[in-house]
Amino acid sequence: MSATGTGQVVVIGAGIAGLAAAHRLLERGARVTVLEASERVGGKLLPGEIAGVRVDLGAESMLARRPEAVALAREAGLAGRLQPPATATASIWTRGALRPMPKGHVMGVPGTAAALSGVLSDEGLARIERDADLPRTEVGDDVAVGEYVAARLGREVVDRLVEPLLGGVYAGDAYRISMRSAVPQLYQAARIHDSLTEAVREIQAKAVANQQTGPVFMGIEGGVGTLPLAVAESVRSRGGEIVTGAPVTELRRVRPDRADAAGHEGSRTAWRIVAGDRVLHADAVVVAVPAPVAAALLRAEAPAAAAELSAVEYASMALVTLAYRRADLALPEGSGFLVPPVDGRTIKASTFASQKWGWIADENPDVVVLRTSVGRYGETAVLDREDAGLVDVSRQDLHAATGLDAAPVATRVTRWTDGLPQYPVGHHARVARVREHVAELPGLAVCGAQYDGVGIPACIASAYAAVDQLAGDLGAVEELTANPVQSLHGGAGE
Ligand SMILES: Cc1cc2nc3c(=O)[nH]c(=O)nc-3n(C[C@H](O)[C@H](O)[C@H](O)COP(=O)(O)OP(=O)(O)OC[C@H]3O[C@@H](n4cnc5c(N)ncnc54)[C@H](O)[C@@H]3O)c2cc1C
């Protein structure tokens, strides 16, 4: 974005999307201020500690099959701390036992019935075989993952595999979640192939041909939660400003005739941003906050985008982190297990953090850290429990799944109210409409988990796309930068 020049850009929100945007803007020569409501940067990425062991209390793993997150970690100086999981095996707690997580599937959708042997009943496996003989199922413009897969392969695949795998990402409901947005490669393949298992086999063959062989996921020693801290440090070291404790409450365009004191009437749009007693002016703004906040901020200038954003729903969840004395327990192998909601358990998943991440095991060899996740879209009652109640239900389910009955030496409950945006059928169209409305206002861009994917790499990609979008808008600013009209104001008023 050579065109960014030395334009002043304000980024609202210092989650990973906002920080990635700031990072990229600085690379392209802009002057950047990030305004963050809370007292810390990172949003859903949160490093913490239990029983003296560093752990992640939010997101803990980055998809490494797409480049953005790992590349940003390297750019932020974390190359030497990247670590793949110590084990590639995981389990699924299904039909009364922990069973090995099958290999050879795309988000739980198998290429052959045999791939799910053990996980499904004999009837469930036989139903998958019928896929080859069924007439085509149209996917149309979009379709719910659960609906489509159940039509092709039967409900058991959805309930016992697709649902827990999707739930691990979206805390959502497979029968609502958009196939086009959540599993786009499956959607594209299903448009071409009549048989879903054939479509999956083709995706797998392509993956082999593309030699996608490295680790699927990557962690960071000290926690993925250290990524935003490192990016923030890099932003500051290159002259970017990050202001915490600065919730933005107002975002308005400044009329060009007032903003453009250099006499380039109509050649630029400037923005006025209010955060507490700070009033800032900028050539461009990146709105990197969750949908309800983005809706509130955009309501005055982009009401149609705001209306779309206020319709985005969120799921709440809690993470229960438990530390045990190593001598007190013997866990099954692997990184943990997923739990199909159909079995009526409370926890959705458990991560054996000390087995999954070598760096956690190394922190204190005498302590073992596990975590469970509780709560999903439409299931909020469980989250009404006190922290102690969430610890109790986690321990009960862990006992039933693994036989673990030792008492933890420490527990931590981290609540993520409205933590994950939902991607229902038609999500891609809603996002396209938001972007269309936003693009009508030069110098405005949006990014974050509610647009192109909730995972860390997708959030970073959306930030880079926002910066690219601003490039064109800021081209007009370049010529003004020798005589910047208005820059940062520390105090109230214009
Ligand atoms: C519990 C949990 C576990 C997850 N695990 C993983 C995982 O292992 N791997 C993975 O890839 N993804 C995971 N995700 C998803 C991923 O972490 C998030 O989607 C992503 O971090 C969101 O980043 P973001 O920058 O879009 O939003 P956020 O992280 O929500 O950041 C938005 C920021 O904006 C700030 N803000 C809000 N209002 C204002 C305002 N008015 N003014 C200024 N600032 C404001 C907030 O304080 C926040 O810091 C997980 C999510 C959750 C909730």
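Scroll up for the structure.
Just so it is clear, the structure is predicted and the values come from calculations on it, not from any experiment.

Draft legend 1. Inspection of the overall build of the protein chain at higher detail. Looking only at helices and strands, one finds 17 helices and 22 strands in the protein chain. When its C-alpha atoms are laid out on the principal axes, the protein chain stretches across 75 × 55 × 45 Å. A total of 494 residues make up the protein chain; the buried ones form 54% of that total. By element, 49% of the accessible surface of the protein chain is carried by carbon and sulfur atoms, the whole surface being about 19500 Å².

Draft legend 2. Quick look at helix α8 (residues 196-209). The terminal C-alpha atoms of α8 lie 20 Å apart, and with 14 residues this matches the ideal 20 Å at 1.5 Å per residue to within 8%. Within the span of α8, buried status applies to L196, T197, A199, V200 and I203. The arc enclosing the buried residues of α8, seen along the axis, measures out at 160°, which places them on a common side. Exposed residues pointing more than 90 degrees away from the buried face of α8 are listed as V208 and A209. For α8, the secondary structure elements touched by its buried residues are β9 (105-106), β10 (109-110), α3 (122-129), α4 (145-153) and α7 (184-192). Directly after α8, the chain includes Q211, whose backbone phi takes a positive value near 55°.

Draft legend 3. Geometry of the packing of aromatic side chains. Across all of its chains, the model carries 3 aromatic pairs by this definition. Ring centres 5.9 Å apart and planes at 70° place the aromatic pair F337 and F352 in the edge-to-face group. Pair noted here: F337 is in strand β18 (residues 336-338) and F352 is in the loop between β19 (347-351) and α13 (353-356), with a separation of 15 residues, a long-range link. The same class applies to F337 as to F352, namely buried. Cluster of aromatic residues (ring-pair linked, three or more members): W93, F337 and F352.

Draft legend 4. Structural context of a nonpolar patch on the surface. A surface patch of nonpolar side chains, about 210 Å² in accessible area, is lined by L63, V216 and F217. With respect to the helices and strands, F217 occurs in strand β11 (residues 217-220). A relative accessible area of 39% means that F217 is categorised as partly exposed.

Draft legend 5. Molecular detail of the nonpolar core. Within the largest apolar cluster, 60 residues are counted, with the highest numbers of intra-cluster contacts made by V149, V162, L166, M179 and L186. The next biggest cluster of nonpolar side chains, apart from the first, holds 46 residues, and it includes A22, L82, V231 and I456.

Draft legend 6. Just the pattern of salt bridges, in detail. Within the structure shown, the criterion is met by 22 salt bridges. Across the pair E313 and R176 runs a salt bridge whose closest N-O atoms are separated by 2.9 Å. Taken together, the residues E313 in the loop between α12 (303-310) and β17 (314-325) and R176 in the loop between α5 (155-170) and α6 (179-182) connect sequence positions 137 residues apart. D387 is paired through a salt bridge with R415; the nearest N and O atoms lie 2.8 Å apart. On the criterion of sequence distance, the pair formed by D387 in helix α15 (residues 387-402) and R415 in strand β21 (residues 410-421) is long-range, its members being 28 residues apart. Residue D387 is classed as partly exposed on the basis of its relative accessible area, which comes to 36%. You can call R415 partly exposed: its relative accessible area is 33%.

Draft legend 7. Region of the structure containing the packing of helix α1 (residues 16-27) against helix α9 (residues 226-237). Running from N to C, α1 and α9 cross one another at 30°; their axes reach a closest spacing of 9 Å. On the basis of the axis angle, α1 is roughly parallel to α9. The handedness of the crossing between α1 and α9 is left-handed. Facing I16, L19, A20, A22, H23 and L26 of α1, the residues of α9 in contact are L227, P228, V231, A232, S234 and V235. Here the residues of the contact of α1 with α9 are counted per class, giving 10 nonpolar, 2 polar and no charged.

What counts and how
- Residues numbered from 1 in each chain as written.
- Predicted model: local features only at pLDDT ≥ 70, side-chain atom pairs only at ≥ 80, totals over all residues.
- Heavy atoms only, no water.
- Helix = DSSP H or I, 4+ residues; strand = E, 2+ residues; numbered from the N terminus.
- Buried < 20%, exposed > 50% of the residue type's maximum accessible area, 1.4 Å probe, protein only.
- Areas by Shrake-Rupley, 256 points an atom, 1.4 Å probe, with all protein chains shown as cover.
- Expected span 1.5 Å × (residues − 1).
- Arc of directions from axis to C-beta.
- Contact = heavy atoms within 4.5 Å.
- Phe/Tyr/Trp six-rings, centres within 6.5 Å; stacked < 30°, edge-to-face > 60°.
- Patch = residues over 30% accessible without salt bridge, like charges linked within 9 Å, V, L, I, M, F, W, Y side chains within 5 Å.
- Salt bridge = Lys/Arg side-chain N within 4 Å of Asp/Glu carboxyl O.
- Core = buried A, V, L, I, M, F, W, Y, C linked by side-chain atoms within 4.5 Å.
- Axes fitted to C-alpha atoms, helices over the stretch in contact; angles between N-to-C directions.
- Parallel < 35°, antiparallel > 145°, perpendicular 65-115°, else oblique.
- Left-handed = near helix turned anticlockwise from the far one by under 90°.
- Nonpolar A, V, L, I, M, F, W, Y, C, P; charged D, E, K, R; others polar.

Shape is all these values report; function is a separate question.
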